[in-house]
Amino acid sequence: MDKYNPHEIEPKWQKYWQETGLLKAQEGSDKKAYILVMFPYPSGDLHMGHLKNYTMGDVLARFRTQQGYSVLHPFGWDAFGLPAENAALKFGVSPANWTYANIQQSKESLNLMGIQYDWSREVTTCAPEYYKWNQWIFLKMYQQGLVLRKKSLVNWDPVEQSVLANEQVIEGRGWRSGALVEKRELEQWYLKITDYAERLLQDLDKLPRWPEKVKAMQRAWIGKSQGAEFDFQVKGSGAKIRVFSTRPDTIFGATFMVLAPEHPLVAQITTPEQKVKVEAYVQASKMKSEVERQMEDREKTGIFTGAYAVNPATGKDIPVWIADYVLSGYGTGAIMAVPGQDERDWEFAEKFGLEIVRTVQPPSGWKGKAYAEDGPAINSGFLNGLMVDEAKKKIIEWMEQNGIGQGKVNYRLRDWLISRQRYWGTPIPMIHCDHCGIVPVPVEQLPVVLPELKDVEDIRPKGKSPLAAHPEFYEVGCPRCGHKARRDTDTMDTFIDSSWYFMRYADAKNDKAPFDPEKADFWMPVDQYIGGIEHAILHLLYARFFTKFLHDQGMVKADEPFEGLFTQGMVMGWSDVGPVEIQGGKIRFLDDARRSKLEISPDITVEDVKKSGAELRQHDDGSTHFWKPAVMSKSLGNGVMVGPFVREQGADIARVTILFAAPPENEMIWTDEGVQGSWRYLNRVWRLISTDAQAINTTSGKFNSASLNPAEKALYQKLNQTLQKVGSDIEALSFNTAVAALMELLNTLQDYRKDSPVSPVYRTAVRYYIQMLAPFAPHIAEEMWHWFYPDSVFAARWPEVDQEALLKEEFELVIQVSGKVRGKATVPVGASEEEIKQIARSVPNVQQHLDGKQVVKEVYVPGKLLNIVVKG
RNA sequence: GCGAGGAUGGCGGAAUUGGUAGACGCGCUGGACUUAGGAUCCAGUGGGGCGACUCGUGGGGGUUCAAGUCCCCCUCCUCGCACCA
């Protein structure tokens, strides 16, 4: 038999799978598995970092196929978005051409790795056949009152030249551009995701197969808090200040109020004497970005408005201040300040000399300032003596009776701002008519097609939608009155595209509806979703929202899209940080820009290098370079590219390397040594099986498990143990341990063949081995399979574990004396406790340790160990 | 500060219900064989000790016949949130 040559066999079987339609999804089986990886932005050539989750998905899909499931393993492209525009501007090609060229390239990489998708269901979001249904769903939401247009303070990304949703602002910066976000007052389209806040929160509990971490992040983002909303009268004016508080019970301690600088009442209530100062403060806070507001060490600032409000509980006048520690976007944008029970208010009161009244009795010896824990109410009139929960109930009752306010649940979640002032996205199907106002585009006129802009310059962002410069797009007759009207020229947030694509896969070619409910119901929910943690909130929250909406419309039974979620760790590659000079243990980087890009401290010493996981390497030109593992990326140039790698090494080697190197949820570092190990492993498999190919072919696979010799019996047992472990490990996505188990079995097979002939058991072992290897290294498995069987290894059913073979006849008894291992003995499984105790005592080393000592106690764990506890 | 998850050989990492710590791989050491191959095979590989032994899963306590695993306290790391009233 020839040497293992991946380049010969891999293209052959890839072609074979394509032609035979392996993994072409078919509805109908009684068991279904919908395996989905997050579809990517088509970025052209792929590196191993991109391929990790696709490989994982492929393993699962192939495994389920072997088990006889109806498997849906589709792929598509999240093809709208800024990179295409940027590339278009840079290279002067149209976004569409650039995108489709990238898709072609990416597809090749996927095929090279042997990753099998049902390409007949491919989804490309920038195709009108797809985004038509974005518009359709948008209109459906509009009908249901879930779309609203409102003017408010929004996040403006100055680099992207577009607004962003709240979820897309991370630490005050645009999630993609990293630019500091500005606030602008604009009128925009929103989806009322807040209507679903409670369900989005509650239903997280229905998702046991989601990482706790992701659920925790979503809970925090939704940010439910229970409390009350109530009014304070402003003295000498009809105005009321409404506040939200989770601690209405502390109202007797509200000694002042604070409004956010943006609060609409500020101008109205400020007294003439304070006007100049207040206006200056409002102006100053407007100039500050979110980040700046937080960076100032959180030293509280604020200005007295000159106005007073009446505390409805105490009847006292309390001053009204404005301060930027109160956020305009949360609650009512105003608070009652209770310094006695709130640290922030305490700090503010201290700084500005405002009154502090405790209304909850702190424990004796309390040395802190504000006391926010439970305790009996004090200085609180009719609440006195009540614990916090009781007091809350009572005060809310009182507020409701006196018309001051009522109990209220507040969420941090904001409505989803979906307008974007960019070109490469789904046109919003709305028409602005001077006579009729806002008129939705009639469904039968969908899709509103994104016009192809011939001149690349036309798509350059200018602060408003590029489409607004194209009358041929926006000039339209009003569908209602027929008068001249104007299309909305914004496009939709591209996260809309990804909020329902997983249902489109169920029925990707449908031109009558987004999908046929029956087909969606067969496949949905996704059984295993695999993707990056970066979407913990963004995509995953929006997708849950859309699924719930479509569920409510009777279009799909599932009301959660993803039954199981797995967030894979990143793939790191060694990166050359560049040459360094070393002086007295200190390292000086010659390429400082690169050092800072790779986030290395400029003060790093030679001593710290190893601790930080980095290395100093001598290069051939005599220079010393600093190397460190970093997430594979195009910009760092440390990505191991799929094409070149597969040409030099092979797809199965890449797959095994990715899967074995680390648990899939951990980050893994791609190394030459790891690749070498995978090569060795696959080669060993190949040699072992190919050497015996003839003998195996002429041996029957039939045997009676009762009449095996000891060596065969041991082999058969190990085989079944492995079968069980590999199966359960794949289901648990524990691919590294599954591969380890296969390596162990390989060692067993090799050992067996050293002094035993090819036998029926051995043939069976080889058969199972190839089947178990197939999901991980499908090409080599398919090749070897065909040495013995005519059809695809993926058409053969996954073998059943022979439970009887797992039962042992004897086991290794561990003998401890006072908890320490002093000996071992092989004993029959049926041995009685008495027999075991005798056998244990016959072990010389055990005898020695028992000698002259008194046995106090003996603990026998059947099938495992005997612990003889002695004294003296 | 709050929340989630971690800390096991030189490295990546294994270890049902508490029951032989270090599976598997990488690396390393020694050897064999060479049809010099991407070699391969054999032996070894947590620390200390010639050894019997002994110490050992971030640190300190505890429960238990028995603790990486359970309980209490602490340190450090990673990630997320963070003036959210």
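Residues numbered from 1 in each chain as written. Chains lettered and ligands numbered in written order. Predicted model: local features only at pLDDT ≥ 70, side-chain atom pairs only at ≥ 80, totals over all residues. Heavy atoms only, no water.

Colleague: How would you sum up helix α5 (residues 128-143)? Please name residues and give values.
Modeller: Between its first and last C-alpha, α5 extends 22 Å over 16 residues, near the 22 Å set by a 1.5 Å rise per residue. Along α5, the residues classified as buried are Y130, Y131, K132, W133, N134, Q135, W136, I137, F138, L139 and M141. Positioned one or two residues after α5, G145 has a phi angle of 75 degrees, which is positive. (Helix = DSSP H or I, 4+ residues; strand = E, 2+ residues; numbered from the N terminus. Expected span 1.5 Å × (residues − 1). Buried < 20%, exposed > 50% of the residue type's maximum accessible area, 1.4 Å probe, protein only.)

Colleague: Mind laying out the sheet that holds strand β9 (residues 182-191), listing which residues take part and the relevant values?
Modeller: Here 4 strands make up an open sheet; going across it, the order is β6-β5-β9-β17 and the pairing antiparallel. Two strands lie at the open edges of the sheet, namely β6 (162-164) and β17 (416-417), each paired on one side alone. (Pairing = 2+ DSSP bridges.)

Colleague: Residue-level account of the side chain of S109, with values.
Modeller: Relative to the assigned elements, S109 resides in helix α4 (residues 95-112). The contact partners of S109, leaving out residues within four places of it in the chain, are D45, L46 and V642. (Contact = heavy atoms within 4.5 Å.)

Colleague: Mind laying out unusual backbone geometry, listing which residues take part and the relevant values?
Modeller: Look at the link from L446 to P447: it is a cis peptide, with omega at 0 degrees. Look at the link from M524 to P525: it is a cis peptide, with omega at 0 degrees. By the element assignment, P525 lies in the loop between α15 (517-523) and β24 (528-531). If you check the backbone angles, Q161 has positive phi at about 55 degrees while not being a glycine. In this model, L733 sits at a positive phi of 55 degrees, which is unusual for a non-glycine residue. Within the secondary structure, L733 is located in the loop between α23 (710-731) and α24 (735-755).

Colleague: Give a detailed account of the sheet that holds β24, specifying residues and quantitative values.
Modeller: Overall, parallel pairing links the 4 strands, which are arranged β2-β1-β24-β25 in an open sheet. Sheet topology places β2 (70-72) and β25 (565-567) at the edges, where each strand pairs with a single neighbour. The sheet shows a mean angle of 15 degrees between the axes of neighbouring strands, taken without regard to direction. Relative to β2, strand β1 (residues 32-37) is paired through 3 bridges, and the arrangement is parallel. (Axes fitted to C-alpha atoms, helices over the stretch in contact; angles between N-to-C directions.)

Colleague: Can you explain the packing of α23 against helix α25 (residues 760-773)? Please cite residues and give values.
Modeller: Contact geometry for α23 and α25: axes closest at 10 Å, N-to-C directions at 15 degrees. Classified by the interaxial angle, the pair formed by α23 and α25 is roughly parallel. Every pair of crossing elements has a handedness; the one defined by α23 and α25 is left-handed. Together, E712, L715, Y716, L719, T722, L723 and V726 of α23 and V761, Y762, T764, A765, Y768 and M772 of α25 make up the contact between the two elements. Taken together, the residues that form the contact of α23 with α25 break down as 10 nonpolar, 2 polar and 1 charged. (Parallel < 35°, antiparallel > 145°, perpendicular 65-115°, else oblique. Left-handed = near helix turned anticlockwise from the far one by under 90°. Nonpolar A, V, L, I, M, F, W, Y, C, P; charged D, E, K, R; others polar.)

Colleague: Quick rundown of the protein's contact with RNA strand B? Include the residues and the values.
Modeller: Neighbouring RNA strand B are 55 residues, the closest being T246, K300, Y330, R344 and A661. Looking at RNA strand B alone, sugar and phosphate atoms form 57% of those within 4 Å of the protein. K300 is positioned such that a nitrogen or oxygen atom in its side chain is 2.3 Å from a base oxygen of RNA strand B. At 2.9 Å from a sugar or linking oxygen of RNA strand B is found a side-chain nitrogen or oxygen belonging to E744. Its residues assigned to classes, the surface near RNA strand B comprises 21 nonpolar, 15 polar and 19 charged. (Near = heavy atom within 4 Å. Polar contact = N/O pair within 3.5 Å; in protein donor to acceptor, adjacent residues only side chain to side chain.)

Colleague: I'd like a description of the state of the cysteines, backed by residues and values.
Modeller: According to the stated counting rule, one finds 0 disulfides in the structure shown. Here C478 is not disulfide-linked; the sulfur of C433 is the nearest cysteine sulfur, at 3.6 Å. Overall, C478 belongs to the buried group, its relative accessible area being 4%. (Disulfide = S-S within 2.5 Å.)

Colleague: Please provide a residue-by-residue account of the pairing of strand β14 (residues 317-322), values included.
Modeller: Here is the key point about a regular strand: its side chains alternate between the two faces of the sheet. Among the 6 residues in β14, 5 count as buried, and that is most of the element. Relative to β14, strand β12 (residues 256-259) runs parallel, the two being bridged by 3 bridges. Bridge assignment links L259 to a residue of β14, and that residue is I322. In terms of strand pairing, strand β13 (residues 303-310) meets β14 through 5 bridges, oriented antiparallel. Each residue of the ladder has a partner; that of V310, found in β14, is D317. Counting the residues between successive antiparallel strands, the hairpin from β13 to β14 contains 6 residues, one of them, G315, with a positive phi of roughly 75 degrees.

Colleague: Got a sec to walk through the environment of V726? Specific residues and values, please.
Modeller: Examined against the element boundaries, V726 turns out to sit in helix α23. Each C-alpha atom of the pair V726 and L742 lies 7.6 Å from the other, and the pair is 16 residues apart in sequence. With sequence-adjacent residues up to four places away left out, V726 is seen in contact with A738, A741, L742, M772, F776 and W798.

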